[in-house]
Amino acid sequence: MSAASVASTARGAVSGIYRRVMMVNPSQFDVIHRNLNPHMTCDRPVNRERACEQWKQLRRIFDQHGVESLTCEPVPGAVDMVFSANSAIVMNNKALIANMAAAPRKVEQSAFAAWYRSQGFEVAELEKIAKPYQYCEGNAELSPTSDLSLYFFGWGQRTAESSYEPILDFFSLSKSDVYKVRLVDARFYHLDTCMAPLALGHILYYPGAFDKDGLRTIHEGAGSEDALIAVTEEEAMAFSCNSVSFISPTSGAAVIVSPNFSPRLRAILEGKGYVCERVEYDEFLLSGGAVRCTVADIAQTRTVG
């Protein structure tokens, strides 16, 4: 996407992100580990009934806007499986199942592989086509531009840099298709906690999560300063970047769904033409996850080569 096209993308434009999604029923959701990310402090127990209602509210927003949402049932005891963005990298009807760095989440991998196969995807498991230490936790580490012309690959926390090339090989991508950015702040342990592609071509991001080389790469990939929307540390810690954006098939509006909009950020986004939909997601924040973490984008289709 060129600088000019990012800056001038109009309401109702074609966007390749979040046209069809997969979510995992939160019936097993809980926070029982303290060390998977810095947000999991176990200060209070999860209210699972409230978590289920928050998840249903997100699905209702998708339904209202005409975005198809499919569901996957969790493995008994798989307390983090609700975070379906970690399930796989999905593109062109191919699913590369995550190789989880977080040991308690390894049980999810075979269940997600079975689900994607049941839906007709060509499935491979990263753990089997790469080295055991080549961890990558799914689409949480791959953030596209809205037209899918470019991807950012996050590494340095829960994803190994060495998983980059096996991913490129599986999807027949080149290094010019996928730019690597290093995450340097443990609070932002996946790329989807500090970067979000927005439906009109903008990129929402928190600069403090990246090293200097990563910031240069993001600016280069964006193509235009107008395409970048930086959040503050306070907004980032409220998981404002863990948002989902799409063109509504129902209304044609450019929508962004987030757990938090500060007055400053809401004004910026509305000024750029977005409809801001807030969903209460505080139960999932107890686990260091929010809206985008619980949504797998499964309909990305891009021209390869």
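(A) Quick look at the sheet that holds strand 15 (residues 296–297). Overall, mixed pairing links the three strands, which are arranged 2-1-15 in an open sheet. This sheet does not close on itself; its edge strands, each paired only once, are strand 2 (68–72) and strand 15. With five bridges joining them, strand 1 (residues 20–24) and strand 2 adopt parallel strand pairing. Bridge pairing links valine 24 to cysteine 72 in strand 2. Seen against the sheet, helix 2 (residues 48–65) touches strand 1 and strand 2 and runs at an angle of roughly 165° to strand 1.

(B) How the structure looks around unusual backbone geometry. One non-glycine residue, asparagine 92, lies in positive phi territory at about 50°. By secondary structure assignment, the location of asparagine 92 is in the loop between strand 3 (88–91) and strand 4 (94–97). Given a relative accessible area of 26%, asparagine 92 falls into the partly exposed group. The phi torsion at asparagine 93 lies on the positive side, around 65°, for a residue other than glycine. Looking at the element boundaries, asparagine 93 is found in the loop between strand 3 and strand 4.

(C) Local environment of the pattern of salt bridges. Scanning the model with the defined rule gives 21 salt bridges in all. For arginine 44, the salt bridge identified is with glutamate 283, shortest N-O distance 2.9 Å. Highlighted residues: arginine 44 in the loop between strand 1 and helix 2 and glutamate 283 in helix 9 (residues 282–285), separated in sequence by 239 residues. Overall, glutamate 283 belongs to the buried group, its relative accessible area being 2%. Residue arginine 302 is joined to aspartate 177 by a salt bridge in which the shortest nitrogen-to-oxygen separation is 3.6 Å. Residue arginine 302 is found in the segment after strand 15, and its partner aspartate 177 is found in the loop between helix 5 (164–171) and strand 8 (178–182); the two are separated by 125 residues along the sequence. Residue arginine 302 is classed as buried on the basis of its relative accessible area of 10%. For aspartate 177, a relative accessible area of 15% corresponds to the buried category. Via salt bridges that share partners, Arg44, Arg50, Asp282 and Glu283 belong to a single interconnected network.

So, how was this worked out
Residues numbered from 1 in each chain as written. Predicted model: local features only at pLDDT ≥ 70, side-chain atom pairs only at ≥ 80, totals over all residues. Heavy atoms only, no water. Pairing = 2+ DSSP bridges. Helix = DSSP H or I, 4+ residues; strand = E, 2+ residues; numbered from the N terminus. Contact = heavy atoms within 4.5 Å. Axes fitted to C-alpha atoms, helices over the stretch in contact; angles between N-to-C directions. Buried < 20%, exposed > 50% of the residue type's maximum accessible area, 1.4 Å probe, protein only. Salt bridge = Lys/Arg side-chain N within 4 Å of Asp/Glu carboxyl O.

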